[in-house]
Each structure stands twice: as structure tokens, then as C-alpha cells.
Amino acid sequence: MSRLIFATHNSNKLFEVSKLIDNQYDLSGLNSIGVTDEIPETGDTLEENARIKARYVHEHFGMNVFADDTGLEVEVLNGQPGVYTARYAGDECDSNKNMEKLLKVLDGENNRQAQFRTVICLILGENEYLFEGIVKGRIALQKSGAEGFGYDPIFIPDGYRKTFAEMSIEEKNKISHRGLAIEKLTKFLKEIGE
């Protein structure tokens, strides 16, 4: 079984992705290789941040790795919070504060169109590959649902009347930005026989 490192400390993300990755991979997070500190995300784009995290693991541990970065891009805010999605309300990365700030900023705004975009950087050997997943939707007027994490309680994907946080993990994974990006990643891995 091939070992593949997912460059994250987020147990929710690791669980979500492990449901999508084939059983032929031994999928592990950063804690399993002794990386307990956050890898600084100093890029100006999601692509740069995904590369920074993947390259860090590859350069320090020589392992096959993938890393993702995800942004919530709100149309009326010109794509913000974007690369600052996790730290929208400050550096402590508090999901509730992030959601409260966004709901306050959008208070009274009719255009609530938004999209979640995930970029994955995969490093196999010396080669780098990028994969992207996008789900379009809108920001709800208030939080709803107890599943998922991050902004899930306020994001309603197009074609649905409920938030990501009101969906089962299986239902969300079929349509989510991360699910779509991981689907491209796993298809690629199958094609090259890794």
C-alpha cells in the first residue's frame, strides 16, 4: 500500500478526504510524521499556499504528498475572503468569528453569490501537479446545520435549499469543492498507477 501524506493538521479535512481516497493508499496527516507546527501559508494565491505546504513536506521528509488550500470567494466582495478565508476574522482561525464577520459584512446585501475553490498540489517523486475544484452557491442569511466545519453552516450550494452543514458527509463530498478536486487527484493517481 502506497503511503501518501496529506499536509494538514485538520482532522475534519483528513476524515473527509479519507472517505474519498481509494483504500490502496495509506493516507496520513502531518501529525503522523511529527510535524506539529503549522506550515506558514505566505502565498498570495491558493495555488501558492498549496505548493508551499506540499514542498515543505517533500523537501523535509522526501515523501509523496499533497496539500490543499481552499478559499471562499464572495462575488460582491471581489473574491474575498479568498486566500484569507481561514483568518478572515483574525489570526486565531475561529470559524464562528469568521462566519459572524462575513454575515455582518453582507447584512442587507442582496447579492450573496459565492464559490468555494480548492486547489491541490500533489508531489510525486520530483513532479508537481495541480488540481482544482469549484462549487458555486450563495451565503445564507444565518447559520444552519451542525455537520461539516469552517463556513459550512452558511454556504448553500447551487441547486440546494440547505447548507453544507445540513448535509451528510457523503452528500457533501459528491458536490463539494474539495470533493471535486480530490476526485481529479484520485483519477490521476489511478491513471498513472501510483
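Anything mentioned here points back to the structure above.
Please read these numbers as outputs of a predicted model, since none were measured by experiment.

(A) The packing of aromatic side chains, seen in detail. Overall, the coordinates contain six aromatic pairs when judged by the stated rule. Where Phe-131 meets Phe-188, the ring centres are 5.5 Å apart and the plane angle is 55°; that geometry is what we call tilted. Of the two residues, Phe-131 is situated in strand E6 (residues 127-139) and Phe-188 in helix H5 (residues 177-192); the sequence distance between them amounts to 57 residues. The class of Phe-188 is buried, set by a relative accessible area of 16%. Considering the side-chain rings of Phe-155 and Phe-164, the 5.3 Å spacing of their centres and the 40° angle between planes classify their relative orientation as tilted. Of the two residues examined, Phe-155 and Phe-164, each falls in the buried class. By the ring-pair criterion, three or more aromatic residues cluster together here, those being Phe-116, Phe-155 and Phe-164. Geometry around Tyr-88 places Lys-101 over its ring, the cationic atom sitting 4.4 Å from the centre.

(B) Region of interest: the side chain of Thr-163. By the secondary structure assignment, Thr-163 is in the loop between strand E7 (155-157) and helix H4 (169-175). At 2.6 Å, the side chain of Thr-163 and the backbone oxygen of Ser-144 are in polar contact. With sequence-adjacent residues up to four places away left out, Thr-163 is seen in contact with Ala-140, Ser-144, Asp-152, Pro-153, Ile-154, Phe-155 and Ile-156.

(C) Structural detail: the environment of Val-57. The residue Val-57 is located in helix H2 (residues 46-61) in this model. The class for Val-57 is buried, based on a relative accessible area of 0%. Apart from the residues within four sequence positions on either side, Val-57 is in contact with Ile-5, Ala-7, Leu-30, Ile-33, Ile-39, Gly-62, Met-63 and Val-65.

(D) Summary view of the pairing of strand E5 (residues 113-124). Across the twelve residues of E5, eleven count as buried, placing the element largely inside the fold. With ten bridges joining them, strand E3 (residues 65-74) and E5 adopt antiparallel strand pairing. Following the sheet pairing, Phe-66 is matched in E5 by Leu-122. By the bridge criterion, twelve bridges tie E5 to E6 in an arrangement that is antiparallel. The residue of E6 that forms the bridge with Ile-120 is Phe-131. The turn linking E5 back onto E6 is made up of two residues, and Gly-125 within it adopts a positive phi angle of 60°.

Rules behind the numbers
Residues numbered from 1 in each chain as written. Predicted model: local features only at pLDDT ≥ 70, side-chain atom pairs only at ≥ 80, totals over all residues. Heavy atoms only, no water. Phe/Tyr/Trp six-rings, centres within 6.5 Å; stacked < 30°, edge-to-face > 60°. Helix = DSSP H or I, 4+ residues; strand = E, 2+ residues; numbered from the N terminus. Buried < 20%, exposed > 50% of the residue type's maximum accessible area, 1.4 Å probe, protein only. Lys NZ or Arg CZ within 6 Å of the ring centre and 35° of its normal. Polar contact = N/O pair within 3.5 Å; in protein donor to acceptor, adjacent residues only side chain to side chain. Contact = heavy atoms within 4.5 Å. Pairing = 2+ DSSP bridges.

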